[in-house]
Amino acid sequence: MDINKNKEEFIELLRSTSRNGVEDVIESLEEMGFFSAPASAGHHLNIEGGLVQHSLNTCRAALAVWEGMKVLEPSIDKEVGRDSVIIASLLHDVCKSDIYVRSVKKRKNAIGQWEDCEGYKVSYKNFPMGHGEKSVILLLCSGLEMSDDEMLAIRWHMGAWGINMNSYEDQRCFDTSKKMYPLVSIIQSADNLAASIMERTGEELDEL
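Below: a short report on this structure.

## A word on the pattern of salt bridges
In this structure the tally under the stated criterion is 10 salt bridges. One salt bridge in this structure joins Arg15 and Glu23, with 2.8 Å as the shortest N-O distance. Taking the relative accessible area as the measure of exposure, Arg15 reaches 45% and is therefore partly exposed. Notably, a salt bridge pairs Asp175 with Lys179, separated by 3.2 Å at the nearest N-O pair. Of this pair, Asp175 and Lys179 both sit in helix H8 (residues 168-180), four residues apart, which is roughly one turn of that helix. According to the relative accessible area criterion, Asp175 is partly exposed, its value standing at 30%. Exposure remark for Lys179: the relative accessible area of 66% places this residue in the exposed category. Counted as one network, the salt bridges with shared partners bring together Glu67, Lys70 and Asp77.

Below you can see the structure in the form of structure tokens.
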């Protein structure tokens, strides 16, 4: 993985939207450590720069889903713009920028012995605001101009995993968002496709 190349591609894609506030967001991402953060602590792309790689993978998947859905449902072309797909997919996990801290972990090696290895642990102390909602708030605070469907696609990109199942309001809001805005389902699907297909490893398959 080429971290610098990924960063350049990410910024180029973001700038291609010509959205008000993009330059401020790029500056904020630099300050938060977004471009060097992993995508997870112990799962997909849990390496330096993994978060940018995951964001690019999600963007590629989202654009593919968007193009495919326009063939199946032509009205999507009027409801969802390419810029919105890029904004929502690239920035859905901004919330992860400041939660990973380098640490030493124990794991079993190829012969079943425990050994020390470098990894990450998770800490929410910087801004314990949740997941999707945290991304939306950070982006708005950075000055990014966003539409309703972009904000909701980022808020609900975890699908059912991002819902408090004890909250009737959460369930209704998620369901309503999906029905009103196709972008919500596009980003949710793309995030899942990126993590479960594009980023799976042989080691993970061996451990099944």
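## Let's talk about the packing of helix H5 (residues 82-91) against helix H7 (residues 148-155)
Each pair of packed helices gets described by two things: the angle between the helix axes and the distance between those axes. Put simply, H5 and H7 touch, their axes get as near as 9 Å, and they point 30 degrees apart. Relative to H7, the element H5 is oriented roughly parallel. Considering only the axes of H5 and H7, their crossing is right-handed. Together, Ser84, Ile87, Ala88 and Leu91 of H5 and Asp149, Glu150, Ala153 and Ile154 of H7 make up the contact between the two elements. Split by residue class, the contact of H5 with H7 holds five nonpolar, one polar and two charged.

## Quick word on the packing of aromatic side chains
Counted by the stated rule, this structure contains five aromatic pairs. Considering the side-chain rings of Trp156 and Phe174, the 5.6 Å spacing of their centres and the 55 degrees angle between planes classify their relative orientation as tilted. Taken together, the positions of Trp156 in the loop between H7 and H8 and Phe174 in helix H8 put the pair 18 residues apart, joining distant regions of the chain. The burial state of Trp156 is the same as that of Phe174; both residues are buried. Among the aromatic residues, those joined into a cluster by ring pairs are Phe10, Phe34 and Phe35. The lysine or arginine in question, Lys7, covers the ring of Phe35, its NZ or CZ lying 5.0 Å from the ring centre. In this structure, Arg155 is placed above the aromatic ring of Trp156, and the distance from its NZ or CZ to the ring centre is 3.8 Å.

The rules behind the values
- Residues numbered from 1 in each chain as written.
- Predicted model: local features only at pLDDT ≥ 70, side-chain atom pairs only at ≥ 80, totals over all residues.
- Heavy atoms only, no water.
- Salt bridge = Lys/Arg side-chain N within 4 Å of Asp/Glu carboxyl O.
- Buried < 20%, exposed > 50% of the residue type's maximum accessible area, 1.4 Å probe, protein only.
- Helix = DSSP H or I, 4+ residues; strand = E, 2+ residues; numbered from the N terminus.
- Axes fitted to C-alpha atoms, helices over the stretch in contact; angles between N-to-C directions.
- Parallel < 35°, antiparallel > 145°, perpendicular 65-115°, else oblique.
- Left-handed = near helix turned anticlockwise from the far one by under 90°.
- Contact = heavy atoms within 4.5 Å.
- Nonpolar A, V, L, I, M, F, W, Y, C, P; charged D, E, K, R; others polar.
- Phe/Tyr/Trp six-rings, centres within 6.5 Å; stacked < 30°, edge-to-face > 60°.
- Lys NZ or Arg CZ within 6 Å of the ring centre and 35° of its normal.

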